[in-house]
Amino acid sequence: HLEELDMHGNPLAEETNYRLHVIKNLPWLHVLDRHVITDEERELAANVKTASELADEDEKPKKKSTVKRKPTEKQLQAQAQLNAALDLIRESVKTNRILLKDHFMHLDPRKEWVITEDDFTKNMNLYGLDLMAKNVGGAFDAYELLLAKYKARV
């Protein structure tokens, strides 16, 4: 292996932390630019980051807190109302043997389970499922909750 390297006159030698980068990428070197590589330099080199590593760090999403917050009373009420609406809709779909999948398949040819809110609303209206959701009693409009829940998928 190469044990000594002299970069004198090379434009790369002018770059920031060039010596550390060379030591990091060529760990078998003993001498760089006529100077013996010290253990301290090797430790510093191990921690130096390239521009692409720094860019990757910037692109990574920051870790979110893993502490779960207790839902508020309003959130609990909204979830209960939404669940009640979904239960009614599921029961109606099952009882009336409504095959919703057939209605959505032509709208989602790539089978990504994604359709527009307008198509979702149209098919809910077709079978009166929107009215079922709207008639669920409570402080919230269960149909709006339903749209909000599935908005990312519709």
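Here the structure is shown first, and the text comes after it.
What counts and what doesn't
- Residues numbered from 1 in each chain as written.
- Predicted model: local features only at pLDDT ≥ 70, side-chain atom pairs only at ≥ 80, totals over all residues.
- Heavy atoms only, no water.
- Helix = DSSP H or I, 4+ residues; strand = E, 2+ residues; numbered from the N terminus.
- Buried < 20%, exposed > 50% of the residue type's maximum accessible area, 1.4 Å probe, protein only.
- Contact = heavy atoms within 4.5 Å.
- Areas by Shrake-Rupley, 256 points an atom, 1.4 Å probe, with all protein chains shown as cover.
- Salt bridge = Lys/Arg side-chain N within 4 Å of Asp/Glu carboxyl O.
- Core = buried A, V, L, I, M, F, W, Y, C linked by side-chain atoms within 4.5 Å.
- Pairing = 2+ DSSP bridges.
- Axes fitted to C-alpha atoms, helices over the stretch in contact; angles between N-to-C directions.
- Parallel < 35°, antiparallel > 145°, perpendicular 65-115°, else oblique.
- Nonpolar A, V, L, I, M, F, W, Y, C, P; charged D, E, K, R; others polar.

Novice: Teacher, can you tell me more about the overall build of the protein chain here?
Specialist: What the protein chain contains, in helices and strands, is eight helices and three strands. Considering the protein chain as a whole, with its 154 residues, one finds that 28% of them fall into the buried category. Across the protein chain, every contact between residues at least 6 apart in sequence was considered, and the portion connecting residues at least 24 apart equals 57%. Total accessible area computed for the protein chain in this model is approximately 12,100 Å², and 54% of it derives from carbon and sulfur atoms.

Novice: Where do I start with the pattern of salt bridges in this structure?
Specialist: The full count for this structure, using the stated rule, is three salt bridges. The partner of Arg-90 in a salt bridge is Asp-87, with the nearest N and O atoms 3.0 Å apart. Placement of the pair is Arg-90 and Asp-87 together in helix α4 (residues 73-95), with a separation of three residues, close to one helical turn. By relative accessible area, which is 46% here, Asp-87 ends up partly exposed.

Novice: When you look at the environment of Gly-138 in this model, what are you seeing that I'm missing?
Specialist: Within the secondary structure layout, Gly-138 lies in the loop between α7 (129-134) and α8 (142-150). Overall, Gly-138 belongs to the exposed group, its relative accessible area being 58%. Separated by 61 residues in sequence, Gly-138 and Gln-77 have C-alpha atoms that sit 8.0 Å apart.

Novice: Help me out: how do you make sense of the nonpolar core in this one?
Specialist: Generally speaking, soluble globular proteins have nonpolar side chains that are buried together. Core analysis: the largest hydrophobic core is formed by 17 residues, its most contacted members being Ile-89, Met-124, Tyr-143 and Leu-146. Elements with a minimum of two residues in this core: α4, α6 (117-126), α7 and α8. Here the element with the most residues in this core is α4; it accounts for six residues. Met-7, Leu-20, Ile-23 and Leu-32 belong to the second largest nonpolar core, which has 10 residues in total.

Novice: Any chance you could explain unusual backbone geometry here in plain terms?
Specialist: Note: most peptide bonds trans; most residues except glycine with negative phi. For Asp-33, which is not glycine, the phi dihedral falls at a positive 55 degrees. Position of Asp-33 among the secondary structure elements: in the loop between β2 (31-32) and β3 (35-36). Backbone geometry at Arg-34 places phi at a positive 65 degrees, although glycine is not the residue there. With respect to the helices and strands, Arg-34 occurs in the loop between β2 and β3.

Novice: Would you take a moment to explain the sheet that holds β2 for this structure?
Specialist: Within a sheet, neighbouring strands are paired by backbone hydrogen bonds and run either parallel or antiparallel to one another. Strands sit in the order β1-β2-β3 across an open sheet of three strands; the sheet is mixed. Only two strands of the sheet have a single partner each, and these edge strands are β1 (4-5) and β3. Of the strand pairs in this sheet, β1 and β2 are connected by two bridges, and their pairing is parallel. Bridging from a neighbouring strand, Leu-5 pairs with Leu-32 of β2.

Novice: Please clarify how the packing of helix α1 (residues 18-25) against helix α2 (residues 39-47) should be interpreted in this entry.
Specialist: Helix packing for two helices is described by the angle between their axes and how far apart those axes are. Axis separation between α1 and α2 bottoms out at 8 Å; the angle between their running directions is 90 degrees. In terms of orientation, α1 and α2 fall into the roughly perpendicular class. Taken together, the residues of α2 that come into contact with α1 (itself represented by Arg-19, Leu-20, Ile-23 and Lys-24) are Glu-41, Arg-42, Leu-44, Ala-45 and Ala-46. The class makeup of the residues in the contact of α1 with α2 is five nonpolar, no polar and four charged.

Novice: Is there a simple way to explain the side chain of Ser-92 in this structure?
Specialist: Relative to the assigned elements, Ser-92 resides in helix α4. Contacts of Ser-92, omitting those with residues within four sequence positions, involve Arg-97, Ile-98, Leu-129 and Met-132.

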